[in-house]
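So you can see what is in the structure, the chains are spelled out below.
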Amino acid sequence: MSASAAVDAGFVVFVGGMLIGHLAAFVGLVASASLGPRPAWRHRILAGSHALTIILSGAVVLWAFVFPQSGWELLALPCGVMIGQLPAVCVLAAGMVSRRAGPSHVQDRLVG
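Computed from a predicted structure; not experimentally measured. (Residues numbered from 1 in each chain as written. Predicted model: local features only at pLDDT ≥ 70, side-chain atom pairs only at ≥ 80, totals over all residues. Heavy atoms only, no water.)

### Thoughts on the overall build of the chain
Piece 1. Within the chain, the secondary structure is distributed over four helices and zero strands.
Piece 2. Each helix (α) and strand (β) of the chain, taken in turn from the N terminus, gives the series α-α-α-α.
Piece 3. Out of the 112 residues in the chain, the part that is buried amounts to 22%.
Piece 4. Expressed as a percentage of contacts within the chain between residues at least 6 apart in sequence, the contacts between residues at least 24 apart total 68%. (Helix = DSSP H or I, 4+ residues; strand = E, 2+ residues; numbered from the N terminus. Buried < 20%, exposed > 50% of the residue type's maximum accessible area, 1.4 Å probe, protein only. Contact = heavy atoms within 4.5 Å.)

### Remarks on the confidence of the model for the chain
Piece 1. Mean pLDDT over the chain: 77, with 79% of residues reaching 70 or higher.
Piece 2. Ranking the helices and strands of the chain by mean pLDDT puts helix α2 (residues 41-66) first, with 86, and helix α4 (residues 104-111) last, with 50.
Piece 3. Long-range and interchain partners of residues 108-112, a stretch whose pLDDT sits below 50, account for zero contacts in this model, where long-range means more than four residues apart. (pLDDT = per-residue confidence, 0-100.)

### Brief notes about the nonpolar core
Piece 1. One finds V15, M18, V60, A76, L77 and V81 forming the largest nonpolar core, which totals six residues.
Piece 2. When residues of this core are traced back to their parent elements, those giving at least two are α1 (3-33) and α3 (72-100).
Piece 3. Residues in contact with A76, not counting those within four places in the same chain, are V60 and W63. (Core = buried A, V, L, I, M, F, W, Y, C linked by side-chain atoms within 4.5 Å.)

### Description of α3
Piece 1. For α3, with 29 residues, the first-to-last C-alpha span of 41 Å sits near the 42 Å given by 1.5 Å per residue.
Piece 2. The largest bend in α3 comes to about 35°, at Q85, with the proline P87 one to four residues further on. (Expected span 1.5 Å × (residues − 1). Bend = angle between axes of the 7 residues up to and from the residue.)

### Things to note about the side chain of H50
Piece 1. Along the chain, H50 turns up in helix α2.
Piece 2. According to the relative accessible area criterion, H50 is buried, its value standing at 10%.
Piece 3. Contact partners of H50, with chain neighbours within four places excluded, come to A25, G28, L29, S32 and Q85.

### A look at the side chain of S49
Piece 1. Summarising the element assignment, S49 is placed in helix α2.
Piece 2. Apart from the residues within four sequence positions on either side, S49 is in contact with G84, Q85, P87 and A88.

What follows is the structure, encoded as structure tokens:
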């Protein structure tokens, strides 16, 4: 494998992951915005998390075009998506845990 192929593969992995994360954040933000004027607090956190992802990735892209390219922007792209989506992951995990810890009669009714 040549050096240029390794660089191209790294570019695809980092930028491709950022683009997929950015698209998912945009879809999540639109879905959260369609819930109405007074959504639950969990939905507000999800919407803020998706907005933060879009803002951070936009800032990194702007940084890459304004300042001389150093390579750090390729590391910052997926980090922006990860930092932005961390509150969303926490809210979704808390929702899953609270559903499992709910009343047992609900689980019995679902099974049989």
